[in-house]
Amino acid sequence: MKKSEFLICTALAVAPMAVDAETCNPITCTADIVTVFTASNCARTNTACYQGVGSRTKIKITSCTTCQPGYTTNSPSFIGPSCPGSLYTTCVCTCNNCVSDSDWSAGNTGYQKKVNRYCTCASGSPVCNATTSYRCAIGYYGHSSDGISGCAPCPSSGGPATTSTPGTTAITSCYQFPGPGYSDTSGTFMVTDKCYYIN
């Protein structure tokens, strides 16, 4: 295979939306073109149409040349192989260091929290917004929407503390660990398996 042929094959393999021809020619945009790529959040746009050589496939590309306030252009993407000017550029809302928590972290005693962050540009400039979710920590059960109320300790019954998995919502998911050291009015005893609370 010649070097030039290899390069064309490579471009065809990686192009995400390839026209079914090796090259494209600019054409006049007409109403019968159904394959359309339209960028979003543009202040100004540029529209061009192309047709594959030896093919009936036609594409219409509307790309951003400038963005609405607060938005920035993303990296251009190729629509088809070897199409002159067939870069497809849209505008995106991007905030610096606006990253959601990847895991839960400790909050107030008995609570865990997780922050979800997302970027908006409706005000004309990027704004990092945040919402916080809460759940009960190990050894607690219930529901919480504020991280200060709604979670209660699992009940104790005369031995090692009962516990639960993080996020437990029902008291019946609280349990005692297997092992010795438990006692009640009848004497001491050993738990041989997880002993779950019963209402």
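Treat the numbers as computed from the prediction; the structure is a model and nothing was measured. What you see as residue numbers is a count from 1 along each chain, following the sequence as written. Per-residue local features of the predicted model are confined to residues with pLDDT of at least 70, and side-chain atom pairs are confined, for both listing and counting, to 80 or more; whole-chain, interface and lining totals are unaffected and use all residues. Excluding hydrogens and water, the side-chain values take into account all heavy atoms of the structure.

Trainee: Quick question: what am I supposed to make of the state of the cysteines here?
Mentor: Here a disulfide denotes a covalent bond joining the sulfur atom of one cysteine to the sulfur atom of another. To count as a disulfide, a pair of cysteine sulfur atoms needs to be within 2.5 Å. Within the structure shown, the criterion is met by eight disulfides. The residue that forms a disulfide with C42 is C64, at a sulfur-sulfur distance of 1.8 Å. Measuring the twist about the S-S bond at about -70 degrees, one finds the C42-C64 disulfide to be left-handed. Of this pair, C42 sits in strand 3 (residues 42–52) while C64 is found in strand 4 (residues 58–67), placing the two residues 22 residues apart along the sequence. What pairs with C93 in a disulfide is C121, and their sulfur atoms sit 2.0 Å apart. Judged by the sign of its S-S torsion, about 90 degrees, the cystine formed by C93 and C121 is right-handed. For helices the rule is a DSSP run of H or I covering at least 4 residues; for strands it is a run of E covering at least 2, with both sets numbered from the N terminus onward.

Trainee: What should I look at first to understand the sheet that holds strand 10 (residues 111–120) in this one?
Mentor: Spatial strand order, 9-10-11: three strands in an open sheet with antiparallel pairing. This sheet does not close on itself; its edge strands, each paired only once, are strand 9 (105–106) and strand 11 (127–136). Two strands pair if DSSP finds at least two bridges between them. Bridging between strand 10 and strand 11 involves 10 bridges; their strand directions are antiparallel. From the neighbouring strand, K114 faces strand 11, where its bridge partner is S133.

Trainee: It is not clear to me how the side chain of S164 should be interpreted in this structure. Could you clarify?
Mentor: Within the secondary structure, S164 is located in the loop between strand 13 (151–153) and strand 14 (175–176). Here a polar contact means two N or O atoms within 3.5 Å. Within protein one must be a hydrogen donor candidate and the other an acceptor candidate, and residues neighboring in sequence count only if both atoms are side-chain atoms. A distance of 3.1 Å separates the side chain of S164 from the backbone nitrogen of G139, its partner in a polar contact. Reaching out from S164, the side chain makes a polar contact with the backbone oxygen of Y140 at a distance of 2.8 Å. If sequence neighbours within four positions are ignored, S164 has contacts with A137, I138, G139, Y140, C154, S173, C174 and Y175. The contact rule is simple, with two residues in contact once any of their heavy atoms fall within 4.5 Å.

Trainee: Explanation requested: unusual backbone geometry in the structure shown.
Mentor: The bulk of non-glycine residues show a negative phi, and the bulk of peptide bonds are trans. Backbone geometry at N41 places phi at a positive 65 degrees, although glycine is not the residue there. Secondary-structure assignment places N41 in the loop between strand 2 (35–38) and strand 3. We classify N41 as partly exposed; its relative accessible area is 28%. Even without being glycine, N97 reaches a positive phi, approximately 55 degrees. Positionally, N97 belongs in the loop between strand 8 (91–93) and strand 9. The class of N97 is exposed, set by a relative accessible area of 76%. For every residue, the accessible area (1.4 Å probe, protein chains only) is compared with the maximum for its type, and the residue is labelled buried under 20%, exposed over 50%, or partly exposed between those bounds.

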